[in-house]
Amino acid sequence: MSSSPRVLVTGATGYVGGRLVPRLLDAGHPVRVAVRSPQKLQQVPWRGRVEVHETDLADLEGMTAACRDVHTLYYLVHSMGGSQHFEEQEAGMARTVAAAAERAGVRRIVYLSGLHPEGVELSQHMRSRVQVGRILLESPVPAVVLQAGTVIGSGSASFEMIRHLGDTLPVMPAPSWVTNRIEPIAIRDVLHYLVGAMDLPEGLNRTFDIGSRDVLTYADAMRQYARVAGLRRRFVFRMPLPAPRLSGFWIGLVTPIPLGLALPLVQSLQHDAVSAEHDIDAYLPPPAGGLTGYRRAVALALKKIEDNSVETTWDHRPEAAADPLPSDPDWAGRTVFVDERSRTGRARPEQVWRVIESIGGRNGWYSLPLAWRVRGAVDKLVGGAGLNRGRRDAVDLQVGEHVDWWRVEALEEGHRLLLHAEMKAPGRAWLELSVEPEGEGSRYRQRAIFFPRGLPGRLYWWGVWPFHGFIFPSMARNILATAAALDEPGPGAPRRAAERIAPAAGPPRA
């Protein structure tokens, strides 16, 4: 039985929370996580090491139960705003969680907020984070609010924005905010301070600014990224207008960040984001070896991507409730269009599965890549996900992860992958890929399923149907052909499979 204090983590399936949980466990702390849908955690690597409590953050009774016997509560929940009452909802959840913590006798709340200047009009996104921090600090339970700047790490939204802008644009006319000062911080250092918060003095109730002490402009960040990534020099030119909406739209178009997230990210860059104090040094020493500078943080992030060892990403939502696929065979009486393909091949089922699980991202879709790129570009123009979201890992998938404009809704290891479309279309769509043994080889099945919404949905399906006649047969044929060409199973076979698949699919899209 561990003698370390128990912790409760909310937002455990998010970018920071998903990395914090295993580090708290490694530090010897019993960890409980509060989630809405426990079944969505089945494939998380640390699932068997934590206690899972099912509740909603807006449920006072449920959160009170989750907080029982907890010493420290990590509040790592923040959406980027998508509703008219976004700020009120965020504030309401914070008050509920603070009240539950008080009722249950929690000794400390730890919240991760953002660096911001005082005395200026903040964006809605940053204003909400500041308000949540204030609510927690004013509650009866002592709170530690860590205020961080741009987080640099493999899979973080801020890093992906810098990476894709740097990779895509040798010359970038940019709004005036590119000359604002930022103080990035490596995700490893954020986690260092979050874990270290357990050792802070009892009763401490205040904010701390945390950063790398490496202050630069956003333009410098993009130029330095290019140097670390081995790219040619990037030219960033400041334009006289801030243009947050226009630049948000542009970032949404050329990076994996969707418009709904790009806009609040850009709006939060309208002011300097630099530490105003370094008081944290008096309570927690820096990590062994010192704080991570920006260029080293970039190098570490790129190495993680190259090694296919990205732990979490900004868009990994295991708890995202995708529309359920109705049961076969009658589809619950709904209008549905299906394109179904079935082929047999000499490849063994495990070989075919390796190709199925590696689909998308830099490995491509095994048919008419130009057609996929055009459809992805159109989707981006209308505010959709597009193709350049890629995937977290080239060969491994988990439920809730994105694969280009799809999201993994179900995964039966070695047998079936179900992808739910997040592209803009007048209806709902799924792509189901499966394999099963047949004779000495296997049978591969592929279904594209579309529920049209009214007449526009029907016209859309019949408009793309001729293209399906080319795309889907060649997709099934090429998947089986690629599987048949793979090496025999053995140590490192999945990685070798990805290396054999990727060169034919074009450059990485991450």
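Above: the structure in question.
Computed from a predicted structure; not experimentally measured.

Draft legend 1. Spatial organisation of the overall build of the chain. Secondary structure assignment for the chain yields 14 helices and 19 strands. Every one of the 510 residues in the chain was classed for burial, and the buried ones make up 55%. Sequence separation of at least 24 residues holds for 75% of the intrachain contacts in the chain that already meet a minimum separation of 6. Taken as a whole, the chain presents about 21,800 Å² of accessible surface, with 54% of it coming from carbon and sulfur.

Draft legend 2. Local environment of the packing of aromatic side chains. Under the definition given, this model contains 13 aromatic pairs. Ring centres of Phe159 and Tyr225 lie 6.1 Å apart, and the angle between their planes is 70 degrees; this geometry places the pair in the edge-to-face category. Of the two residues, Phe159 is situated in helix H5 (residues 157–168) and Tyr225 in helix H7 (residues 218–228); the sequence distance between them amounts to 66 residues. Phe159 gets classed as buried once you look at its relative accessible area, which sits at 0%. Classification of Tyr225 by relative accessible area gives buried; the value is 1%.

Draft legend 3. Representation of the packing of helix H2 (residues 60–67) against helix H3 (residues 86–104) within the structure. Contact geometry of H2 with H3 gives a least axis separation of 8 Å together with a crossing angle of 45 degrees. The orientation of H2 with respect to H3, classified from their angle, is oblique. For the pair H2 and H3, the sense of crossing is right-handed. Counted together, Leu60, Glu61, Met63, Thr64 and Cys67 of H2 and Thr96, Val97, Ala99, Ala100, Ala101, Arg103 and Ala104 of H3 form the full contact between these two elements. Taken together, the residues that form the contact of H2 with H3 break down as eight nonpolar, two polar and two charged.

Draft legend 4. Representation of H7. When we look at burial in H7, the residues that qualify are Tyr218, Ala219, Ala221, Met222, Gln224, Tyr225 and Ala226. The inward-facing, buried residues of H7 abut H5, strand E8 (171–174), strand E9 (181–182), strand E12 (216–217), strand E13 (235–238) and helix H10 (294–306). Backbone geometry just downstream of H7 places Gly230 in the positive-phi region, at approximately 75 degrees.

Draft legend 5. Layout of the side chain of Asp379. You can see Asp379 is positioned in helix H12 (residues 369–381). Looking at Asp379, the relative accessible area reads 0%, which means it is buried. Here the side chain of Asp379 touches Lys424 through a polar contact of 2.6 Å, landing on its backbone nitrogen. Those residues in contact with Asp379 that sit more than four places away from it in its chain are Gly384, Ala385, Gly386, Trp405, Met423 and Lys424.

Draft legend 6. The sheet that holds strand E18 (residues 427–438), seen in detail. Read from one edge of the open sheet, six strands run E14-E19-E18-E17-E16-E15, paired in antiparallel fashion. The open sheet has two edge strands with one neighbour each: strand E14 (337–345) and strand E15 (402–403). Across five bridges, the pairing between strand E17 (residues 416–421) and E18 is antiparallel. Paired with His420 across the strands is Trp430, a residue of E18. Against the sheet, helix H13 (residues 454–484) engages E14, E18 and strand E19 (441–452), with an angle of about 5 degrees to E14.

Draft legend 7. Structural detail: the side chain of Thr55. Relative to the helices and strands, Thr55 is located in the loop between strand E3 (51–54) and H2. Assessed through its relative accessible area of 8%, Thr55 is described here as buried. Leaving out residues up to four positions away in the same chain, Thr55 has contacts with Ala34, Val35, Arg36, Gly62, Met63 and Ala66.

Draft legend 8. Up close: the nonpolar core. Ranked by internal contacts, the top residues of the largest apolar core, which has 40 residues, are Val352, Trp365, Trp406, Leu417 and Met475. Those elements that place two or more of their residues in this core are helix H11 (349–357), strand E16 (406–412), E17, E18, E19 and H13. Among all residues touching Trp406, those that are not within four sequence positions of it are Trp365, Trp372, Arg389, Glu401, Leu419, His420, Ala421, Glu422, Met423, Ala429, Trp430 and Leu431. Listed in part, the 39 residues of the second largest apolar core include Leu25, Val144, Leu200 and Leu204.

Draft legend 9. Fine view of the sheet that holds strand E11 (residues 206–210). Spatially, the seven strands line up as an open sheet ordered E3-E2-E1-E4-E5-E6-E11, and their pairing is parallel. One side of each edge strand has no neighbouring strand; the edge strands of this open sheet are E3 and E11. Neighbour to neighbour, the strand axes of the sheet diverge by 20 degrees on average, direction disregarded. One ladder, built from four bridges, connects strand E4 (residues 72–75) with strand E5 (residues 108–114); its direction is parallel.

Draft legend 10. Structural context of unusual backbone geometry. Of note in this structure, Arg213 is not a glycine but carries a positive phi near 70 degrees. Residue position: Arg213 is located in the loop between E11 and E12. Residue Tyr366 is not a glycine yet carries a positive backbone phi of 65 degrees. Tracing the chain through its elements places Tyr366 in the loop between H11 and H12. By relative accessible area, which is 12% here, Tyr366 ends up buried.

Calculation criteria
Residues numbered from 1 in each chain as written. Predicted model: local features only at pLDDT ≥ 70, side-chain atom pairs only at ≥ 80, totals over all residues. Heavy atoms only, no water. Helix = DSSP H or I, 4+ residues; strand = E, 2+ residues; numbered from the N terminus. Buried < 20%, exposed > 50% of the residue type's maximum accessible area, 1.4 Å probe, protein only. Contact = heavy atoms within 4.5 Å. Areas by Shrake-Rupley, 256 points an atom, 1.4 Å probe, with all protein chains shown as cover. Phe/Tyr/Trp six-rings, centres within 6.5 Å; stacked < 30°, edge-to-face > 60°. Axes fitted to C-alpha atoms, helices over the stretch in contact; angles between N-to-C directions. Parallel < 35°, antiparallel > 145°, perpendicular 65-115°, else oblique. Left-handed = near helix turned anticlockwise from the far one by under 90°. Nonpolar A, V, L, I, M, F, W, Y, C, P; charged D, E, K, R; others polar. Polar contact = N/O pair within 3.5 Å; in protein donor to acceptor, adjacent residues only side chain to side chain. Pairing = 2+ DSSP bridges. Core = buried A, V, L, I, M, F, W, Y, C linked by side-chain atoms within 4.5 Å.

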